[in-house]
Amino acid sequence: PEVIDEHDAIDLIRSQQKEFKLDKIYKKEKAAAGELGAKLLIISTADGSVLSETALDAPAVFDGMSAANGKLFLSDTEGNVLCLRPSDG
């Protein structure tokens, strides 16, 4: 999950030069490491709306997705390969 934008993190550090409260930055690090869960979102190219959201046990590795025969293959940071397909409904 996006916990804090990088620019907001820098602003947070600058605004707290006397007393650092880095909870959001630490939380962002945990999110990047997949410790706060992961999601696969399907986004509309027409208007940017979220069409579908699927919870994942671990984040996908960089460049670890491939689509073939109507299925999405996803390699995650735990070493698993998932095969996802549209629901029958």
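Scroll up for the structure.
Described below are features of the structure shown in this document. Predicted, not measured: the structure shown is a model, and the values here were computed from it.

1. Section: the overall build of the chain
Next, step 1: Counting secondary structure elements, the chain contains two helices and five strands.
Next, step 2: When the helices and strands of the chain are listed from N to C terminus, the series reads α-α-β-β-β-β-β.
Next, step 3: For the chain, the proportion of its 89 residues judged to be buried stands at 19%.
Next, step 4: Intrachain contacts of the chain at a sequence separation of at least 6 include 17% that bridge at least 24 residues.
Next, step 5: For the chain, the computed accessible surface area is about 7,100 Å², with 51% contributed by carbon and sulfur atoms.

2. Considering unusual backbone geometry
Next, step 1: The backbone of Asp63 sits at a positive phi, close to 60°, despite the residue not being glycine.
Next, step 2: By the element assignment, Asp63 lies in strand 3 (residues 60–68).
Next, step 3: Assessed through its relative accessible area of 70%, Asp63 is described here as exposed.
Next, step 4: In this structure, Asn69 takes a positive phi of about 50° despite not being glycine.
Next, step 5: Considering the arrangement of structural elements, one finds Asn69 in the loop between strand 3 and strand 4 (71–76).

3. Some details on the pattern of salt bridges
Next, step 1: For the structure on display, the rule yields one salt bridge.
Next, step 2: With a shortest N-O distance of 3.3 Å, Glu53 and Lys39 are connected by a salt bridge. Of the two residues, Glu53 sits in strand 2 (residues 50–56) while Lys39 sits in strand 1 (residues 38–43), which places them 14 residues apart along the sequence.

Cut-offs used in this document
- Here the residue numbers are simple positions, counted from 1 along each chain's written sequence.
- Per-residue local features of the predicted model are confined to residues with pLDDT of at least 70, and side-chain atom pairs are confined, for both listing and counting, to 80 or more; whole-chain, interface and lining totals are unaffected and use all residues.
- Excluding hydrogens and water, the side-chain values take into account all heavy atoms of the structure.
- Under the DSSP-based scheme used, a helix requires at least four consecutive residues in state H or I and a strand at least two consecutive residues in state E, with every element numbered from the N terminus.
- Only protein chains enter the calculation, and the probe is 1.4 Å; a residue is then buried if its accessible area is under 20% of its type maximum, exposed if over 50%, and partly exposed in between.
- Any two residues having at least one pair of non-hydrogen atoms within 4.5 Å are treated as being in contact.
- Here the accessible surface of atoms and residues is derived via Shrake-Rupley with a 1.4 Å probe, and residues count as covered only by protein chains that are part of the display.
- Here, a salt bridge means any Lys or Arg side-chain nitrogen found within 4 Å of an Asp or Glu carboxyl oxygen.

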